[in-house]
Each structure stands twice: as structure tokens, then as C-alpha cells.
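Overview (structure and organization)
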Amino acid sequence: MSHDPCVRRAGTCARLVTRTALAALAALVTVTTATVYASPASADVATPTTTPTSGPTTPPTTAPPPPPTTAAPPTTAAAPATTARAPAAPKPPAGTGVPTVPVGGPPTSTTTTVPGTPPAPAPAPPNPTPILLQVQADLAQLTAIDDYKPAQTLLAQTQSELSQAGNSLDSARQVLQQAQANQQVAAGHKAHADAQLRALALEAYVGVGHSNPLGANPAKGNGNQGFGTVSTPDGLSGIEALDAKEMLVLVGQHARRGVDQAKAKLEDASRGTAQAQDVETKAQDALNDAQAHLQSAQQTLQLVSAAAINPTTASSTALPDLTSVGGEPGTTTTSTPPPANAGIPGAQAAAATKPANPAVTSPPIMGRPVMNGAALAAWFQSTGHQANTTVPITDLANDYDTWGQKLGVADDVAFAQSVIETGYFSFPSYGQLTNHDNNFAGIGACDTCSHGWSFPDASTGVEAQIELLYDYALNKPLPAGIQNVIGGTGVGGCCSTWIALAGTWASSLVYGISIMTVYHQMLTWYIPQAEVGVGIAPPPAPSAAMTATH
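The rules behind each value
Residues numbered from 1 in each chain as written. Predicted model: local features only at pLDDT ≥ 70, side-chain atom pairs only at ≥ 80, totals over all residues. Heavy atoms only, no water. Helix = DSSP H or I, 4+ residues; strand = E, 2+ residues; numbered from the N terminus. Buried < 20%, exposed > 50% of the residue type's maximum accessible area, 1.4 Å probe, protein only. Contact = heavy atoms within 4.5 Å. Axes fitted to C-alpha atoms, helices over the stretch in contact; angles between N-to-C directions. Left-handed = near helix turned anticlockwise from the far one by under 90°. Nonpolar A, V, L, I, M, F, W, Y, C, P; charged D, E, K, R; others polar. Phe/Tyr/Trp six-rings, centres within 6.5 Å; stacked < 30°, edge-to-face > 60°. Lys NZ or Arg CZ within 6 Å of the ring centre and 35° of its normal. Expected span 1.5 Å × (residues − 1). Bend = angle between axes of the 7 residues up to and from the residue. Core = buried A, V, L, I, M, F, W, Y, C linked by side-chain atoms within 4.5 Å. Salt bridge = Lys/Arg side-chain N within 4 Å of Asp/Glu carboxyl O. Polar contact = N/O pair within 3.5 Å; in protein donor to acceptor, adjacent residues only side chain to side chain. Lys, Arg positive; Asp, Glu negative; His and termini not counted. pLDDT = per-residue confidence, 0-100. Parallel < 35°, antiparallel > 145°, perpendicular 65-115°, else oblique.

**What about the overall build of the protein chain?**
Each helix and strand in the protein chain was counted, giving eleven helices and two strands. What you see in the protein chain, going N to C, is helices and strands ordered as α-α-α-β-β-α-α-α-α-α-α-α-α. Residues classed as buried in the protein chain amount to 42% of the 550 residues present. Of all intrachain contacts in the protein chain linking residues separated by at least 6 positions in sequence, the fraction that spans at least 24 positions is 73%.

This is how it looks when you write it as C-alpha cells:
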């Protein structure tokens, strides 16, 4: 492809294909086949009416039917608002024959227009909504799959929380029971001390007797009837009676101190009981909260499980945010935050329902990939295609993973883009590039070019593609330490999404749709693998052939 928008048609096809020929071909094959093998950058490929569920089929070997005799509409595509400048071509190793990067506008139509005839209206842009809805559902389902283990972790945490709250409540109740028992003992001691004091007071009143200062009408008793003497019922008189009275006073004072001490102990025991009651109340509240958290976690796990196995459920439900829950971090987009009334930090059982008509957007070029290098290679091998590349497909997929991480580009979608550009890495003979060019994105290939760019090795070719995507998506320099193998492009920040590459990276208006179609196929293959990986689904049973070999 050229760095200049709307310059090239495809890195896999150097031939010009007229609108009428492609229209006839589109009637025979799906959009994926057409875009891969019949100039994916061409604006002539029709939008598919159905989305294929597997990789593109082998192009037909028969020639397409002859074009109709009626005049075809013009194929000139509207030039983008930003005029691109030609990048500085990297200095190639000796013998690679890197051409000068072409500069120019989009290819013109080969159809002759009768003078004076008004031009036919430009065809309406294809509608990317159907494939984007499918991709969004795939990504939502993968988000739920990524949330499955954190949801299980959350459930385990709340179960542990409930168990701890129950143990704390049992301990608090035991403390409260002990405090209440201590209070009862203290109350008994206080009552006993009070009774002793009352008995001594009564004895002091009736037991000691009375003094007779006037000596008149002496009390009956032991006959001591002198002035100022003390008479007692027990027959004590004189000094003995005085001693008894003094002893009674001392005993009364001791009893009063006993009452005061018993009262203080009762007050302490009462405070202990109140504190224990407060602890028991808080422990009961914590237990109630733990029970609510457990119920919420159970509902969250049910919600995530349902979304993880059903893309319709995933796309229609706002999944709770589980990023704060321990466990393996997810690799997909961030989940929708929970409602404001979330009962648990990081999770909400009653998840909100998404709007009936959510905004349909294309995945951004910059972002985390869903599939790593190993998954990319496994998917490609599952298609049955043979990669005609200078390195094994496993190494090439890892190159995408490596460079995507370095620059923050969603390299799994870039891999899908290369599938479109190279015909499943087959580099068909009718294209401008061969496998030895290590050019997986049609860089420098256009309608007026004789050859696209060449790179010394596969890793450099992948780096060039990822750097160019970075430049298309952002308007800022490459990160420090990254060599610029492309040079200046003049397209910085023109296209933040994959759908926006249509008409810019390639002149085909279905270019972004083609990329998303392949990406959807990749995701539908990967989702069952991811479900097995987290334990939602059991591993597939070995085939009969595999069983027979063991």
C-alpha cells in the first residue's frame, strides 16, 4: 500500500479490475473471498448480505462472466480531506529493489462517459453495522469470559467473609454472655452488702439499748440505773456496753465500704455488658452484610456465566466491573462500571440492562489484543491454509504479539488485516508482492506501482505494519527506542478505528468491513477456547481417530 490515502488497491493484486468485472465476481463469491483474492482495496466489492462463519473459500478457478454491455457507474472514489505526502523510503539492503513510494490520487475509472451526460451518483457507502454488532457481541462475550474467574474469586471471598462474620458473632455472643454473668454476680454482691448494712443498722437501733441521762424511768434490764448509764437487752453495762457500741460502729463502717465496692463492681460489670452488647450488634450487622454480599456474588457469577456462554446476553447486559477483584486480569475491554447502588465494591448483583439501541462503534486501532501470538497461530492453523512466509506461522504470530505490545496496537486485528492483504499469507501470483518481500500489509503497492516495498525479514515487515497503523491512529511520534522503518507518512491521526481505514489505507470502501469479517471469524473460533480455558466449558472430547492412536 502507499502511505498516501486512496493511492492503492491491494498488496495482493497489481491488475486493475473494472467495476463491472468485480460486480459480476461479487455475485459469485462472498465479500471475504472478493476482498482477499479480487483486489481487497477496490471500491468495487459489494457489501455482503450474509456474514461467513468460516475463513474465505478458495477463489473460483473459472473466469468471471463477461461484463454487461450497459455503462457501469464511475469508480472514482472521493479523495480524503487530508492530502498525504510521500514518506521517505527506507534504505533497502542491497539487491532488494525497493521502489520509490508512489504518490497520487485514487485510481480513475476506465469507463467511457458520453459527453453531456450528468455523472451517475456515487454509490452509497456500505453499512458496517451488521458486522460491527457481531464483533461487539464477541468482545462482550469475551469480557464476560474474562470476568468468570474474578467472579468465582469474588464468590469465594464473600463465602470466607460470611464464615469470618459468623465466627466473630459467636465470639461476641460468648463475651456478652460472660459480661452478663459478671453483672449478675456483681449485682448479687451489691444486694448482699446492702442487706448486711441494713441488718447492722437495725441491730444498732434495737440491740445496744439507750442512755438514760436523766435517770428517770430506767429501762428494764440488768438493773444498771445510774445517771448516764447504758442499758442493753443482753445485760451489758458500763464499759462493756460502750465497747459493744463502738464495735457496732466499726462493723457498720466496714459494711458501708463493702456496699460501695459492690456498687463499683456492679457498675464495671454493667459497662462490660454494654460494650459486649455493642460488639455483638456490630458482629450481627457484619454477618448480615456478609450474607448480602454472598447473595450478590452468587448473582454476579450467574450473570457472568450466562453472558460468557451467550453473546446475545453479553451484548444486552451491562456487566459489573470486576477489575478490583483478585484473580487473573482480563485481556479484553473494560467492563461497564456497576450502578451507583452497588452493594459490593467492584461488583453488583443486579446489573443494569444496556440500552436497546447501543452505539455501534468500530474497535479502535490502539488497544489491547484479545488473542496472543499462540492463539493467532492456532487459529490460522485451524483454517487449513498453508502460510507461504519466510518464517513459520508461529514465529510470525509472535512477531505481531511483540510489536503490538511495544506500540499499543491491537495486533490481533492487524493479523486479520494481513490475512486480507496476503490471501491468508499465500501471496498469490497475481499480486505485486511475494513472500520474500516480508510485506504483510501491501505497503507501497498500488494500481500504478510495479512492486510494493520489501523488508529484510518478517519481523521488520510486521514492525513496519504496526508502526504505520500507529501513525494512522495517532498524531504523535513513536515511543522512544523504536526505530522508524517507514519514515514520514503525512497521515498522522487520520484514522483511529479499523473501519476508518476504508478509503484511506486502501481505496476499497469495504476494506474495514473485510477486516472485521475476518476478525469476527477469529473471535468465534477463540471464544470456545477461552471458555475451556477458564473452566466454563469442558475440554472437547478426543476424536475417534485420536483415541485409536493411543
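**Some remarks on the packing of helix 7 (residues 393–407) against helix 9 (residues 458–473)**
With their axes 9 Å apart at the nearest point, helix 7 and helix 9 run at an angle of 35 degrees to one another. The way helix 7 lies across helix 9 gives a crossing that is right-handed. Contacts between helix 7 and helix 9 involve L396, D399, Y400, W403, G404 and L407 from the former and A458, S459, V462, E463, Q465, I466, E467 and Y470 from the latter. Class assignment for the residues of the contact of helix 7 with helix 9 results in eight nonpolar, three polar and three charged.

**With respect to the packing of aromatic side chains**
Each pair of aromatic rings is reported with the distance of its centres and the angle of its planes. Applying the stated criterion across every chain yields a total of eleven aromatic pairs. When the ring of F380 is compared with that of F425, the centres are 5.6 Å apart and the planes differ by 70 degrees; the resulting orientation is edge-to-face. With F380 in helix 6 (residues 373–382) and F425 in the loop between helix 8 (411–422) and helix 9, this pair connects stretches of sequence that are 45 residues apart. Relative accessible area serves as the criterion here: at 1%, F380 is assigned to the buried category. Grouped by ring-pair contacts, the aromatic residues W379, F380, Y400, F415, Y424, F425, F427 and F440 constitute a single cluster. If you follow K406 out to its NZ or CZ, it ends over the ring of W403, 4.3 Å from the centre.

**Some thoughts on helix 10 (residues 511–534)**
The end-to-end C-alpha distance of helix 10, which contains 24 residues, comes to 34 Å, matching closely the 34 Å that a straight helix rising 1.5 Å per residue would cover. Where helix 10 bends most, at Y526, the angle is about 25 degrees, and the proline P528 comes one to four residues later. Within helix 10, 18 of the 24 residues are buried, leaving the element largely enclosed by the surrounding structure. Just beyond helix 10, the residue with positive phi is G535, at close to 95 degrees.

**Observations concerning the nonpolar core**
Grouped burial of nonpolar side chains is what soluble globular proteins tend to show. Y400, F415, W498, L501, M516 and Y519 are the most contacted members of the largest nonpolar core, which has 86 residues in total. Put simply, the parts of the chain that give this core at least two residues each are helix 3 (129–206), helix 4 (238–309), helix 6, helix 7, helix 8, helix 9 and helix 10. In contact with F415, not counting residues within four places along its chain, are L376, W379, F380, I393, A397, Y400, F425 and M522.

**Re the pattern of salt bridges**
The full count for this structure, using the stated rule, is four salt bridges. A salt bridge links E280 to R173, with the shortest nitrogen-to-oxygen separation between them at 3.3 Å. Of the two residues, E280 sits in helix 4 while R173 sits in helix 3, which places them 107 residues apart along the sequence. D278 serves as the salt-bridge partner of K282, at 3.5 Å between the closest nitrogen and oxygen. Taken together, the residues span about one helical turn, with K282 and D278 both in helix 4 at a distance of four residues. Relative accessible area serves as the criterion here: at 38%, D278 is assigned to the partly exposed category.

**As for helix 9**
The first and last C-alpha atoms of helix 9 sit 23 Å apart over 16 residues, in line with the 22 Å expected at 1.5 Å per residue. Counting buried residues along helix 9, 15 of its 16 residues qualify, which places the element largely inside the surrounding structure. By the N-cap criterion, in which a side-chain oxygen at the helix start approaches the backbone nitrogen of a residue two or three places on, helix 9 is capped by D457, the distance to S459 being 3.3 Å.

**Examining the side chain of D411**
Within the element layout of this structure, D411 appears in helix 8. For the buried D411, which has no salt bridge, the nearest side chain bearing the opposite charge is R368, at an N-O separation of 9.5 Å. Those residues within four positions of D411 in sequence are excluded, and the remaining contacts are P369, M371, L376, Y400, D401, G404 and Q405.

**Examining the confidence of the model for the protein chain**
Low-pLDDT stretches of the model should not have their predicted coordinates read in fine detail. Per-residue pLDDT for the protein chain has a mean of 72; in total, 63% of the residues score no lower than 70. pLDDT under 50 marks residues 327–352. Its contacts with residues more than four places away, or in other chains, come to 63 contacts. In the predicted structure, residues 545–550 sits below a pLDDT of 50 and forms one contact with residues beyond four places in sequence or in another chain.

**Things to note about the environment of R271**
Assignment of secondary structure puts R271 in helix 4. Put simply, R271 and Q183 are 88 residues apart on the chain and 8.9 Å apart in space, counted from C-alpha to C-alpha.

**Description of the packing of helix 8 against helix 9**
Between two packed helices, the angle of one axis relative to the other and the distance separating the axes together describe the packing. Contact geometry for helix 8 and helix 9: axes closest at 11 Å, N-to-C directions at 110 degrees. On the basis of their axis angle, the class for helix 8 and helix 9 is roughly perpendicular. As helix 8 packs across helix 9, the resulting crossing turns out to be right-handed. Side by side, helix 8 and helix 9 meet where A414, Q417 and S418 of the first sit next to Q465, I466 and L469 of the second. Taken together, the residues of the contact of helix 8 with helix 9 break down into three nonpolar, three polar and no charged.

**Quick notes on the side chain of D412**
As for its placement among the helices and strands, D412 is situated in helix 8. For the buried residue D412, which engages in no salt bridge, the nearest side chain bearing the opposite charge is R368, 10 Å off. Reaching out from D412, the side chain makes a polar contact with the backbone nitrogen of M371 at a distance of 3.3 Å. For D412, the side chain forms a polar contact with the side chain of Y519, separated by 3.1 Å. Filtering out sequence-adjacent residues up to four positions away, D412 remains in contact with P369, V370, M371, L376, Y519 and M522.

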